[in-house]
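Understanding the architecture of this molecule
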Amino acid sequence: MKTTSKQFKYFKSRCHHWAKELGLVGWRLYIKHAELDDAYASYDANYDGKVVTIKFTKNLSLGNPVLDDDQIDRTAYHELFHVKLFELEVTIKYRYDYLHESVEHDIINTIEQLVFNGHRYK
Ligand SMILES: [Zn+2]
């Protein structure tokens, strides 16, 4: 299965929405429709240049054959929240690097539940 250009367009618009909502001013966003193996999206940020490239998957795996608008919105939110935490990441990364990714995902997923479901647990 492939994602459509319509879905990519929606993803792009949600990325810009979340960048604004999360107060990500001064960042240049490049958003690409790309081949990704095991994720709906990925990001790659450059701290010095304040440039971030976000990729939205072209291909969907057999385990995840569909991607609806709500999931696309959440995916955009997820990647932009990584960017939001990126400045913090740059400053703390080297102290507890082995814990860093799970702590970051806990923050993102906690706030995601609040934003999209209005409460902490489903
Ligand atoms: Zn993530």
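If you're wondering where the values come from, they're calculated on a predicted model, not measured in any experiment.

What about the overall build of the protein chain?
The secondary structure content of the protein chain amounts to three helices and three strands. Order of helices (α) and strands (β) in the protein chain, N terminus to C terminus: α-β-β-β-α-α. For the protein chain, whose C-alpha radius of gyration is 15 Å, the value lies close to the compact-globule estimate of 14 Å for 122 residues. Here the C-alpha coordinates of the protein chain stretch approximately 40 × 35 × 25 Å along the principal axes. Here the contacts in the protein chain between residues at least 6 apart in sequence split such that 61% fall between residues at least 24 apart.

Things to note about the environment of L67
The residue L67 is located in the loop between β3 (51-57) and α2 (69-92) in this model. Judged by C-beta crowding, with 18 C-beta atoms within 10 Å, L67 ranks as partly exposed. Once you skip the residues sitting within four places of it in the chain, L67 turns out to touch T3, Q7, Y40, L60 and I72.

Digging into the nonpolar core
With 18 residues, the main nonpolar core has C15, W18, A76 and L80 as its most contacted residues. Only α1 (5-21), β3 and α2 provide two or more residues apiece to this core. The element that contributes the greatest number of residues to this core is α2, accounting for seven residues. If we ignore the near neighbours within four places in the chain, the residues touching C15 are L29, I31, I54, A76, E79 and L80.

A few points about the pairing of strand β2 (residues 41-46)
Across six bridges, the pairing between β2 and β3 is antiparallel. By the bridge assignment for β3, N46 is matched with V51. Following β2, the chain reverses through four residues before pairing antiparallel with β3; K50 in that reversal takes a positive phi of roughly 50°.

Digging into the environment of L36
Inspection of the secondary structure puts L36 in the loop between β1 (28-34) and β2. A residue is classified by how many C-beta atoms lie within 10 Å of it, and L36, with 17 of them, is partly exposed. Measuring from C-alpha to C-alpha, the distance between L36 and L60 comes to 8.6 Å, with 24 residues separating the pair along the chain. In contact with L36, not counting residues within four places along its chain, are S42, K55 and T57.

Each value, and the rule that gives it
Residues numbered from 1 in each chain as written. Predicted model: local features only at pLDDT ≥ 70, side-chain atom pairs only at ≥ 80, totals over all residues. Helix = DSSP H or I, 4+ residues; strand = E, 2+ residues; numbered from the N terminus. Rg over C-alpha atoms; globule rule 2.2 N^0.38 Å. Contact = placed C-beta atoms within 7 Å. Buried ≥ 20, exposed ≤ 12 C-beta atoms within 10 Å, placed from the backbone. Core = buried A, V, L, I, M, F, W, Y, C linked by C-beta atoms within 7 Å. Pairing = 2+ DSSP bridges.

Everything listed here is a matter of coordinates, which is why it stays silent on function.
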